[in-house]
Amino acid sequence: MSLLSNILRFLSGDAQADRVVPPTGFTARLTVFASAAMAFLAVFALAFSLATGRLADRWGDALAKSATIRISAPADQMDAQLLAVTEILATTPGVKEARPLGENEQRALLEPWFGPDLPLDRLPIPRLVEVIEDDEGFDADGLRARLAGEAPGAILDDHARWREPLVKAATRLRSLGFVAIVLITTLAGVVITLAASAALSANEQVIRVLRLIGARDSYIAHAFVRRYTLRAFGGAAVGTILGALALFMLPSAGAEGGFLTGLGLQGWQWLWPLVIPPFAALVAFLATRQAALTTLQEKR
Amino acid sequence: MIELEQVAYGYGTGTLLSDVTMSLAQGSFHFLTGPSGAGKTTLMKLCYGELVAEQGSVALFGQNVREMQRDDVAEMRRRIGVVHQDCQFLDHLSLAENIMLPLTVSGRSLHDPSELQELLAWVGLQQQANAKPPELSGGERQRAALARAVIMSPDVILADEPTGNVDWDMSVRLLQLLVELNRMGKTVMIATHDMNLIRSAKSQVQARVLRISNHQVTAAGANL
């Protein structure tokens, strides 16, 4: 309750006390600009971090629960081997769903490399069976052994070979996103602290006059801290809005866009940027307060 | 009210003031004189706690400056009105706001808003109430500084070269204002190197003259 009343008193301010700090100057513009720029970058760091998180989850989950069986056999044996594979899969524990890809689906997979007029029926293209695991998963070695005995042209690819480096890469990306947020937050703190220190240096004469006419340290510090906290909040709010607008206006890359499509925020994640302006204000509050008290201690 | 006991102060390795012992009694009027660079401003700063003596002690209203907490120093300054040589205004505030500043920072206000008009009239600045400090002449700034120094009704007025940048007529006017304050019971000390000003005060007030010479303060009443 006491904290809340302190915050409310801080926000409501004192019109007279506010007047003692010069209203403009390069340090005021510097604080606003620095906060806006840091908030703008923070929105992208946030979006980057969330996107890498989603990407890591998507790669990990999707690839972990799927496998492919590739059947390479002479044309006259293809149907028999496909039937054998389907029957094996139907009786394999851990297989949730197994489905041979249709001709059109295989054509779609190959189209990016061979063009739209691919004569599938005249090419020795292997048949593909998509296997979806249930939560328990299947025994890959056991399945391979059964396939080798009953459908010798069938090869199980459980994606382990290339899923592992992808998941590792996605995890690294997620870490990078987190590092980006930490770096930008730290940088925001440094820049706002520098701006606050510059503001206090530029207003050294004001501080001296106030001390000489009987102002207490808390009064002087409060006047500067409130001014620069509100400036940081305002600048960060503008930067956040611009950053969010920029994200919103990112061109849609469609289903083929991969990572770029996922860079924006989704659903409730749009609430995350709302944290940035209060956080910038908190950083400014702490930085200016520390700088003000340090500056004041140097004066009698 | 202000007592200095064997005070010494210097800048770097040089000694500016040495073994200074003096006191300002309630209701007294002092001139502090001496050549430029003798240490008049330094002594004034010691008297309102902007500087702390390297040796000896300075007591303001019975309290040793060295032992004061920072909030105590602020509180003490509300009882001492200082007219600085360079006035020290906040240029973004109007003259009236600057004069009211000591009240503002102490969270107080005038009992009656007309008191400000009376104060402005006393220093002859009614017309300049809304002007910004850079728009004022040297004499107007000095009178405004005096108004700001007295708005808290302090016990002591310290004026550091208040007539340094004004003509003779304005010097006499400022001196009259300070004498009026002394007659109201305020303790006044004026630092000046203008001996004509000191002589002109002789007929108006019983003033004591302190001279800084060879780092020490001596009474110079006989030379007035």
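Residues numbered from 1 in each chain as written. Chains lettered and ligands numbered in written order. Predicted model: local features only at pLDDT ≥ 70, side-chain atom pairs only at ≥ 80, totals over all residues.

A.B. asks: So what's going on with the overall build of chain A? Which residues, and what values?
C.D. replies: For chain A, the count of helices and strands is 10 helices and four strands. Reading chain A from its N terminus to its C terminus gives the helix and strand order α-α-α-β-α-β-α-β-α-β-α-α-α-α. In terms of overall size, chain A is more extended than a compact globule, its C-alpha atoms giving a radius of gyration of 31 Å where 300 residues would be expected to give roughly 19 Å. Counting only C-alpha atoms and orienting by the principal axes, one finds that chain A spans roughly 100 × 40 × 30 Å. When burial is assessed residue by residue, chain A has 31% of its 300 residues classed as buried. (Helix = DSSP H or I, 4+ residues; strand = E, 2+ residues; numbered from the N terminus. Rg over C-alpha atoms; globule rule 2.2 N^0.38 Å. Buried ≥ 20, exposed ≤ 12 C-beta atoms within 10 Å, placed from the backbone.)

A.B. asks: Quick one: what's the story with the overall build of chain B, residue by residue and with numbers?
C.D. replies: When you go through chain B residue by residue, the secondary structure sums to seven helices and 10 strands. For chain B, whose C-alpha radius of gyration is 17 Å, the value lies close to the compact-globule estimate of 17 Å for 224 residues. Overall size of chain B, expressed as C-alpha extent along the three principal axes, is 45 × 40 × 30 Å. Burial analysis of chain B (224 residues in total) assigns 42% to the buried set. Pairs at least 24 apart in sequence give 68% of the contacts found in chain B among residues at least 6 apart. (Contact = placed C-beta atoms within 7 Å.)

A.B. asks: So, the confidence of the model for chain A: which residues are in play, and what are the values?
C.D. replies: In the predicted model, chain A carries a mean pLDDT of 82, and 92% of its residues have values of at least 70. Put simply, helix H1 (residues 2–12) of chain A is where chain A has its lowest mean pLDDT, 70, and helix H9 (residues 217–248) of chain A is where it has its highest, 90. (pLDDT = per-residue confidence, 0-100.)

A.B. asks: Which residues make up the interface of chain A and chain B, and what values do they have?
C.D. replies: At the junction of the two partners, chain A supplies 16 residues and chain B supplies 21 residues. Elements with a contribution of two residues or more to the side of chain A that touches chain B: helix H2 (15–19), helix H8 (204–212) and H9 of chain A. Ranked by the residues each element gives to the side of chain A that touches chain B, the list is headed by H8(A), at four residues. Taken together, the residues that form the side of chain A that touches chain B break down as 10 nonpolar, two polar and four charged. (Nonpolar A, V, L, I, M, F, W, Y, C, P; charged D, E, K, R; others polar.)

A.B. asks: Outline the sheet that holds strand S2 (residues 14–24) of chain B, supporting the account with residue identities and numerical values.
C.D. replies: All names here are of chain B. Strand order in this open sheet of four strands is S2-S1-S4-S5, and the pairing throughout is antiparallel. Pairing within the sheet leaves two strands with one partner each, and these edge strands are S2 and strand S5 (63–64). Pairing of strand S4 (residues 55–60) with S5 involves two bridges; the strand directions are antiparallel. Counted as the bridge partner of Leu60 is Gln63 from S5. Against the sheet, helix H1 (residues 40–47) contacts strand S1 (2–11), S2 and S4, and its axis sits at roughly 130 degrees relative to S1. (Pairing = 2+ DSSP bridges. Axes fitted to C-alpha atoms, helices over the stretch in contact; angles between N-to-C directions.)

A.B. asks: Give me the lowdown on the packing of helix H5 (residues 138–150) of chain B against helix H6 (residues 168–183) of chain B, citing residues and values where you can.
C.D. replies: Residue and element names in this part refer to chain B. In contact at an axis separation of 10 Å, H5 and H6 are set at 10 degrees when each is read in the N-to-C sense. Between H5 and H6, the interaxial angle falls into the category roughly parallel. Residues Gly139, Gln142, Arg143, Leu146 and Val150 of H5 touch H6, and the partners they reach there are Met170, Leu174, Leu177 and Leu181. For the contact of H5 with H6, a count of residues per class yields six nonpolar, two polar and one charged. (Parallel < 35°, antiparallel > 145°, perpendicular 65-115°, else oblique.)

A.B. asks: Which residues make up the environment of Arg58(A), and what values do they have?
C.D. replies: Residues and elements named next belong to chain A. Residue placement: Arg58 occurs in helix H3 (residues 26–64). According to the C-beta neighbour criterion, Arg58 is exposed, with 12 such atoms within 10 Å. In this structure, the C-alpha to C-alpha distance between Arg58 and Ala170, residues 112 residues apart in sequence, is 9.3 Å.

A.B. asks: Account for the nonpolar core, with residues named and values stated.
C.D. replies: In terms of nonpolar packing, the biggest core is built from 116 residues, with Ile192(A), Ala280(A), Ala284(A) and Leu158(B) touching the most fellow members. Those residues in contact with Leu158(B), other than ones at most four positions away along the chain, are Met44(B), Cys47(B), Tyr48(B), Ile80(B), Val82(B) and Met189(B). Within the second largest apolar cluster, 11 residues are counted, among which are Ala67(A), Val131(A), Leu147(A) and Ala154(A). (Core = buried A, V, L, I, M, F, W, Y, C linked by C-beta atoms within 7 Å.)

A.B. asks: Give me the lowdown on the environment of Arg211(B), citing residues and values where you can.
C.D. replies: All names here are of chain B. On the secondary structure map, Arg211 appears in strand S9 (residues 208–213). Considered as a pair, Arg211 and Arg79 are 132 residues apart in the sequence and their alpha carbons are 25 Å apart. In this structure Arg211 touches Thr33, Gly34, Thr218 and Ala220, once residues within four positions along its chain are discounted.

A.B. asks: So what about the sheet that holds strand S1 (residues 66–71) of chain A? Which residues, and what values?
C.D. replies: Residues and elements named next belong to chain A. Read across the sheet, four strands follow the order S2-S3-S1-S4 without closing on themselves; strand pairing throughout is antiparallel. In this open sheet, the two strands that pair with only one neighbour each are strand S2 (95–100) and strand S4 (154–157). Averaged over neighbouring strand pairs, the angle between their axes works out to 20 degrees when direction is ignored. Note that S2 and strand S3 (residues 127–133) share five bridges and pair antiparallel. The residue of S3 that forms the bridge with Pro100 is Val129.

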